[in-house]
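This is what each chain is made of:
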Amino acid sequence: MTFLTSNVALLILTIIFGFVAYTLAHQRIRSHVARDGVKAHSLVKYYGVYAALWTLVPASVLALVWAFAADPLLINAAEARLRLAYPSLPPSFLELKAAQLQNIAAGFIDAPDEIMAAEAAALKESMNRVDLARVLTLLTVMMIGFLFAFLRITPQLKARVAFEGFLRRSFFAAAVLAILTTIGIISSLLFEAYRFFSEISMIDFFFGTHWSPMVSLREGTETAADEAVAGSSGSFGMVPVMLGTLLVALIAMLVAVPVGLFSAIYTADFAPRKVRNVIKPALEVLAGIPTVVYGYFAALTAAPFFRDAGMLVGLDVSSQSALAAGGVMGIMIIPFISSLSDDVISAVPQSLRDGALGLGSTRAETMLRVVLPSAFPGLVGAFLLAFSRAVGETMIVVMAAGVAANLTINPLESVTTVTVQIVMLLTGDNEFDSVKTLSAFALGITLFVVTLVLNIAALHVSRKLGQRYE
Amino acid sequence: MDTSVEMMSDSKLKAQKVNVFYAEKQALFDVSLGIDEKSVTSFIGPSGCGKSTFLRCFNRMNDVIPSCRVQGQILLDDVDLNSPKIDPVLLRARVGMVFQKPNPFPKTVYENVAYGPRIHGLAANRQEMDFIVEDSLKKAGLWKEVSDRLNDQATGLSGGQQQRLCIARAIAIGPDILLMDEPCSALDPIATSIIEELISDLQSRFTILIVTHSMQQAARVSQKTAYFHLGQLIEYGDTKGIFTRPQNEQTEAYISGKIG
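About the thresholds
- Residues numbered from 1 in each chain as written.
- Chains lettered and ligands numbered in written order.
- Predicted model: local features only at pLDDT ≥ 70, side-chain atom pairs only at ≥ 80, totals over all residues.
- Heavy atoms only, no water.
- Core = buried A, V, L, I, M, F, W, Y, C linked by side-chain atoms within 4.5 Å.
- Buried < 20%, exposed > 50% of the residue type's maximum accessible area, 1.4 Å probe, protein only.
- Domains from an automatic or database assignment.
- Contact = heavy atoms within 4.5 Å.
- Helix = DSSP H or I, 4+ residues; strand = E, 2+ residues; numbered from the N terminus.
- Pairing = 2+ DSSP bridges.
- 1 Å grid on protein atoms, 1.4 Å probe; cavity = no way out; pocket = protein on both sides within 12 Å on 5 of 7 lines; lining within 4 Å.
- Points joined across faces, edges and corners; volume = space filled by probe spheres on them.
- Axes fitted to C-alpha atoms, helices over the stretch in contact; angles between N-to-C directions.
- Parallel < 35°, antiparallel > 145°, perpendicular 65-115°, else oblique.
- Left-handed = near helix turned anticlockwise from the far one by under 90°.
- Nonpolar A, V, L, I, M, F, W, Y, C, P; charged D, E, K, R; others polar.
- Buried area = accessible area lost by both parts, 1.4 Å probe.
- Salt bridge = Lys/Arg side-chain N within 4 Å of Asp/Glu carboxyl O.
- Polar contact = N/O pair within 3.5 Å; in protein donor to acceptor, adjacent residues only side chain to side chain.

Novice: Got a sec to walk through the nonpolar core? Specific residues and values, please.
Specialist: Grouped together as the largest cluster of nonpolar side chains are 77 residues, with contacts concentrated most on Phe196 and Ile345 of chain A. Structurally, this core is a two-domain feature, drawing no fewer than three residues from each of domain 2 (199-234) and domain 3 (238-468) of chain A. If near-sequence neighbours (up to four positions away) are discounted, Phe196 of chain A is found in contact with Phe205, Phe236, Val435, Leu438, Ser439 and Ala442 of chain A. One finds Val98, Ala154, Leu157 and Ala191 of chain B within the second-largest nonpolar core, a separate group that totals 35 residues.

And the structure:
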């Protein structure tokens, strides 16, 4: 029995078991009620669900743990045997060999020599044995779970309460899982960043004004010591990269805030219903365009346009100008700003508008003097969220912004951004644990902190809005 | 109904055959009545009877609701408010309105009162504005309580104070008429009695129309009362008469608490 067929069979069997457990429990509670003449605590279906859950959930959890734990254990054992068979190979090659072994065992590739063939056969053999053990264990666990639940089913059993408890724990588990994932990602970032900062000083990284991680590699042999020297001489200074990021994001905001805010004002308070019903979906279409499409719009249309326009008036505009990337990014976040601002403006109570109109304000006066000032904190929150999005945006700048880290705030020149640098550093044939690659994680954690601070500030400011309407 | 038409000749405000529709649904049917100058007139009736809708006809606040249509004539000093020549913005400067829930702007106390005079250009300088603000707050009976915190946020005032601030805000632009849409429904009994006293004080300067759910309030503050039911004006006359000798059995049933 192969792994796949055994799993499919197991799955089908599990489903059948679930139904059987449900039906048997159902019958048991009915016969109990009929025999004893008492009323069951819960609806009969809850007893069925109770038995089905006891049959399925413990077995599923075990299957999940097994899937993560069993194979790595076997492969580790195989790797240990390989180390004995090939004593001269370095550890990284042994890992490759072990991976190769799995592929041979699965029948994807042929064995290069006899040792590998024998080891693969042994691995396959042990995997099959473990697999059989797994199927049997799971079936047993299902049976035990079922019997445990089945025997407890009496009219006194609070099946509904138990089901409620199960649901509550499931929701809790989902929430914890989401948080754990986030923590996992952040800690891996932190760990790699820590490795980076053990080679490059934080002061050089955060305050250095020269960024050229690629150059530092070309200068000499690729040893950590050389990189460290190159780094400490200023190659890993993130100031120009961060400055470029902020410049591009700022240009994006200059485009998106006026257009987004004004269109939100229009759709929220001025547009007749019919017009609103056209404009809002149209803006949402803009939000649905993949960023890569914006990217080549920026690279192929906007950037040449700005360069040619610059030439007409005698300005030297780079073909990868911050202006083009930022401008297109601004178009991308218009729907974001207009949709958030629309929500904020619509949240201003109608009673305030009525009050202003009742005093003889025109609609524009009502908007400018009452509604917008009331909505101000919420709007600032929306803008901060949009800014944090612009800072983290990747695809447009990868395609349209430059690679060279120029220390400039001139929007006509080419700048690079944090996200572009991370992409540059982590794609291509790079050794994964070089200082150069590690610097991507330092950039990543910095970017994360910046956007986190922006988001927290946005939340904090928006929360004031609620207080003002009491 | 004949009596009300007779009374109309010298009325400040006159409604003639007013019909109001929300989309297809008719909310008011042929309502006609005349309102005396410098008096308090109350509109009573069960929820959804159209009394608030009728009130909002007098400053064209129904314009704000897109689906709302008003037919018939509303005459203020014999000029039809619904004629295209009337600018609702200027009209609302003459006909102030106080709403059900206190709705001070999220600005300072001073700025709330100064808002109307400012948009209508009523004060040439800071002294004049200071005078208008102080005068309006005094008329609204709020000056003593807030004179030392004019620069505090208005939303920090108590509910009753907020509602009096809204009254001050409305009278700061010097209207002839004040519309009050259940001005005490969100207030406690003490704040309510303060506002009721205020309404009696204001009566010497303004023509006041008040919608209320409380029949005791109508009896206490108004000289005339109109009873509405399902969009119809059922009975209109002296408050005393309405409450002691209602002519219509529906009015009697409502006043005596049998329906409502």
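Novice: Give me the lowdown on the pairing of strand β8 (residues 207-211) of chain B, citing residues and values where you can.
Specialist: Residue and element names in this part refer to chain B. Of all five residues making up β8, five are buried, and the element is well covered by its neighbours. A two-sided burial pattern is seen for β8, the buried positions comprising Thr207, Leu209 and Val211 on one face and Ile208 and Ile210 on the other. Looking at chain direction, strand β3 (residues 40-44) and β8 are connected through four bridges and run parallel. Residue Ser42 lies in a different strand from β8, and its bridge partner there is Ile210. Two strands pair when backbone bridges link them, and strand β7 (residues 177-181) and β8 are joined in this way by five bridges, in the parallel orientation. Within β8, the residue paired with Leu179 across the bridge is Leu209.

Novice: Explain empty space enclosed by the protein residue by residue, including any values.
Specialist: Residue and element names in this part refer to chain A. In this structure the tally under the stated criterion is one cavity of 30 Å³ or more. Of the voids in this model, the largest cavity is the one considered here, and its volume is about 30 Å³. Of all elements in the fold, only α9 (239-270) and α14 (363-392) reach the threshold of two or more residues within the lining of the largest cavity. In terms of residues, the lining of the largest cavity owes the most to one element, α9, which gives three residues.

Novice: Requested: an account of the packing of helix α5 (residues 126-139) of chain B against helix α7 (residues 159-171) of chain B, with residues and values cited.
Specialist: Residue and element names in this part refer to chain B. For the pair α5 and α7, the least separation of the axes is 8 Å and the interaxial angle reads 130 degrees. What the angle tells us is that α5 and α7 run oblique. Note on packing geometry: the crossing formed by α5 with α7 is right-handed. In contact with Ser136, Leu137 and Lys139 of α5, α7 contributes Leu165, Ala168 and Ile171. The residue makeup of the contact of α5 with α7, split by class, is four nonpolar, one polar and one charged.

Novice: Pulling in residues and values, what's your account of the domain arrangement of chain A?
Specialist: All names here are of chain A. Domains assigned within chain A are domain 1 (3-157), domain 2 (199-234) and domain 3 (238-468). Between domain 2 and domain 3 lies a buried interface of about 1,300 Å² when both sides are counted; carbon and sulfur atoms form 73% of it. The interface formed by domain 2 and domain 3 includes zero salt bridges. Here domain 2 and domain 3 share three residue pairs in polar contact (both at pLDDT 80 or more) between them. For the side of domain 2 that touches domain 3, the elements supplying multiple residues, two or more each, are α6 (202-207) and α7 (213-218).

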